[in-house]
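Examination of the molecular architecture
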Amino acid sequence: MVKVLYKLWLRLKAQATVTGRIWQAALAALAVLAVAGGIWLMASDAAPQRKAVFNQPLPAEHVKNAAAMLSGGGIECQIVGGRLLVQPDALPAARKILTDASLTPQDLAAQAASSQEDIWLSESQRSQRAAAAKAERLSRLIGQFPDVEYAEVIFEGGRAGKIGQPAVAATAAVNLRMRAQARMSAQLVNAIADLLAGSNAGLERTAVCVIDQRGRSYRPGDETLAQEDRLANRARVADYWQQRIAGALTYVPGLTVTAAVQGESCTAASLLAPRSYFEAIAASRNLDIQQVTRDESARIAAAAARIIGADAKAVSVDCYTDALSGKALAAAFVGPPQQGRSGWAVAGSGVLVAAGVFCIIAAVRRRRRARARTAAEQVAQPPCEITAEESKIRRLELLADDDLLWVLAAEQTQTIAIVLSRMNPRRSAAMLAALDAPIARQVVMHLAHPLTVDERTVQDVLDTLIDRLNALHTPQGQGEAVIRDILTHAGGAAGGTVMDLVASSQPQLARNIRRDMLGFEDLELVDDDELRAALAALDPQVLAVAMRTAGQAIRTKIFHCIGGRATRDLRRQMDTLPPVRLSEVEAAQDHVARMVRRCGSTLDEAREAAAT
């Protein structure tokens, strides 16, 4: 702060050297104000002085315990000379915490006195100590009442009568400090008297005196306090009904309501409306003031009677003369008398209207020119290039519904969701309607919760679909595609019989079909070289997800092919893998199977080239 003020002073001094005397005086005053503001800011940044929770110091063995309780309550404190110092705004909360825990100086002194054992103490002294401890305990209990901030109980024990000495009854006095906005009530006085009389033998409840901070004394059964409670309750009920009636008649300005209540209900009401209200209505409707007053008074009385649930005769409506009575308010309601418009007013209004019309026309023409310019730019723009992915999607969209359904039928639901999410929404809806209900339900779930898929995987999916589409429309591969589709939909003994027939006649064709039908669960049947080449090209994260539900045989096969160090890394990655959906696992397994099929085709082509 000092450096900032010093730099500001140097700038002002340099500016003052090139200006006149008036400016120099102004800059000097500004510098004085800046210095004063800086001093004020630095003074305001100073921490407020802490205050002691209690004036008396606490015993050394209890200070740390009290400080720990305040820290646990979120109040920062310091210990100085046995006193706990806190911020001024935290003083009430700190006192309440220590009072509830019986850690005030008075409580600790009473506890120390009651805990001391002295064989030379008389029975009277022991009784006095017990009475003092009981008084402290009762003070804390009364101080926890909702409307009480602090209480102190004082006992005066009774004395039995003796020869020549009359008996003296026991008495008690309670000094109360009420909370803000709280008032003494008969219920509070009776509760304190019952508490003291019930905890002290021989103490009558009528012998208890309660004194508040204003110096007023109360006793249980005091009719004055009960009367004050009744009057306060009556005023509360009357105020409720008065506000309710006035809130329903807000259209009457300056309305005064007086309600007569009995218990919690309103039995009658007296309303005073300003005379200017009736005069304004009479002037606006050109009616007689007496007739308007009678009609409006009856209407107001009927509305108030409906609110309180009484007869209209129980409501009286009168009027009083206010400051707006007479022609002034009537003019305010109906407006001043019409006068002829001056020429200047007509000319000014005409100019404003013409300017408004001109602005509207200019805005419309400007908007039209902007639209025409945008359209011309769109026409002049060269046609956008179509990416390879968009080209493949458009080719799939041009297929007939039956052909596209045939292409997608062999894919998993996650793959179908990936394709439909990139197609035209109308065509995607038609495909969802054509799919079987269980498959369509799973596809919708994948669309609602999409899986993050890299572009390479999307390209692989689209390439596979395009290859299947080419096989569908290419005569050379038509027979192989048909057999593969038949075996895909066949299962069990039927599929095995067909494959045996094909393998007996054309072994190479059988190998191609088996490779094209290869799934993740068939990886244990794949040659080690083919599987090793496919796994080397895979992302370890995708492989870890795919092996989440893999069987032991497939895991053993994969660990054997990738080697020792890669196996340890893969196991570690599988152990630290977070929870994933089953759909994500299926998509990863489909990607692994597709990669194995592609590597198998590549190795077959390499072998054929080497043989030739």
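Here, the structure is the one placed above.
Residues numbered from 1 in each chain as written. Predicted model: local features only at pLDDT ≥ 70, side-chain atom pairs only at ≥ 80, totals over all residues. Heavy atoms only, no water.

1. So, the packing of aromatic side chains
Definition in use: Pairing of aromatic side chains requires ring centres within 6.5 Å, counting the rings of Phe and Tyr and the six-membered ring of Trp. Pairs whose planes differ by under 30 degrees are stacked, by over 60 edge-to-face, and all others tilted. For each residue, the accessible area found with a 1.4 Å probe, counting protein chains only, is set against the maximum for its type, and the residue is called buried under 20%, exposed over 50%, and partly exposed in between.
As enumerated under the stated definition, the model contains two aromatic pairs in all. Taken together, a centroid distance of 5.3 Å and an interplanar angle of 70° make the contact between Y240 and W241 edge-to-face. For Y240, a relative accessible area of 45% translates into the label partly exposed. Aromatic pair Y277 and F278: ring centres 5.4 Å apart, planes at 70°, arrangement edge-to-face. Across the pair, exposure class does not vary: Y277 and F278 are buried alike.

2. Section: the packing of helix 15 (residues 413–421) against helix 17 (residues 437–448)
Heads up, the rule is: Axes here mean lines fitted to C-alpha atoms, for a helix over just the part in contact, with angles spanning 0 to 180 degrees between N-to-C directions. Where helices and strands are cited, they refer to DSSP runs of H or I of at least four residues and of E of at least two residues respectively, numbered from the N terminus. Roughly parallel covers angles under 35 degrees, roughly antiparallel covers those over 145, roughly perpendicular covers 65 to 115, and oblique covers all other angles. For any pair of crossing helices, the crossing counts as left-handed if the nearer helix is rotated counterclockwise from the farther one by less than a right angle, and right-handed if it is rotated clockwise. Contacts between residues were defined by any pair of non-hydrogen atoms, one from each residue, lying within 4.5 Å. For this classification, the nonpolar set comprises Ala, Val, Leu, Ile, Met, Phe, Trp, Tyr, Cys and Pro, the charged set comprises Asp, Glu, Lys and Arg, and every other residue, Gly included, is treated as polar.
Here helix 15 crosses helix 17 at 60°, and the two axes come no closer than 8 Å. Between helix 15 and helix 17, the angle is such that the two are oblique. For helix 15 against helix 17, the interelement crossing comes out right-handed. Seen from helix 15, the contacting residues are T413, Q414, I416, A417, L420 and S421; seen from helix 17, they are I439, Q442, V443, H446 and L447. Considered class by class, the residues forming the contact of helix 15 with helix 17 number six nonpolar, five polar and no charged.

3. As for helix 8 (residues 223–248)
Formally: Here the expected span of a helix is defined as 1.5 Å times the quantity of residues minus one.
Between its first and last C-alpha atoms helix 8 spans 38 Å; for 26 residues at 1.5 Å apiece the expected length is 38 Å, and the two agree. Listing the buried residues of helix 8 in full gives L225, A226, D229, V237, A238, W241 and I245. Looking at the buried side of helix 8, the elements it contacts are helix 7 (186–199), strand 7 (217–218), strand 8 (256–262), strand 9 (265–274) and helix 10 (289–308).

4. Observations concerning the pattern of salt bridges
Our working definition: For salt bridges, the criterion is a side-chain nitrogen of Lys or Arg within 4 Å of an Asp or Glu carboxyl oxygen.
Counted under the stated rule, the structure contains eleven salt bridges. The partner of R50 in a salt bridge is E76, with the nearest N and O atoms 3.5 Å apart. Of the two residues, R50 is situated in the loop between helix 2 (21–45) and strand 1 (51–52) and E76 in the loop between helix 3 (60–72) and strand 2 (78–80); the sequence distance between them amounts to 26 residues. A salt bridge links R572 to D569, with the nearest nitrogen and oxygen atoms 3.1 Å apart. Residue R572 and its partner D569 are both found in helix 25 (residues 564–575); the two are separated by three residues, about one turn of the helix.

5. Concerning the side chain of K557
Topologically, K557 is positioned in helix 24 (residues 552–562). Once residues within four sequence positions are removed from consideration, K557 is found in contact with L523, E524, V526, D528 and L531.

6. A closer look at the packing of helix 22 (residues 528–536) against helix 24
Two elements in contact, helix 22 and helix 24, have axes whose closest approach is 9 Å; the angle formed by their N-to-C orientations is 75°. Looking at the two axes, helix 22 sits roughly perpendicular to helix 24. Residues D528, L531, R532 and L535 of helix 22 lie in contact with helix 24, whose contacting residues are K557, I558, H560, C561 and I562. Of the residues that constitute the contact of helix 22 with helix 24, the class distribution is five nonpolar, one polar and three charged.

7. Describing the environment of C266
Inspection of the secondary structure puts C266 in strand 9. As a C-alpha pair, C266 and I308 span 42 residues in sequence and 5.9 Å in three-dimensional space. With sequence-adjacent residues up to four places away left out, C266 is seen in contact with W241, A259, A260, V261 and I308.

8. Some details on the sheet that holds strand 10 (residues 315–320)
Counted only if it meets this: Paired strands, as defined in this entry, are two strands with at least two bridges between them according to DSSP.
An order of 8-9-10 is seen for the three strands of this open sheet, with the pairing classed as mixed. Pairing within the sheet leaves two strands with one partner each, and these edge strands are strand 8 and strand 10. Taking each pair of neighbouring strands and ignoring which way they run, the sheet shows an average axis angle of 15°. In this sheet, strand 9 lies alongside strand 8 in antiparallel orientation, the contact comprising seven bridges. Across the sheet, the residue bridging to Q262 is S265, located in strand 9. Along the sheet, helix 9 (residues 275–285) makes contact with strand 9 and strand 10, crossing strand 9 at roughly 65°.

In short, the description is geometric, and any link to function would need to be established separately.
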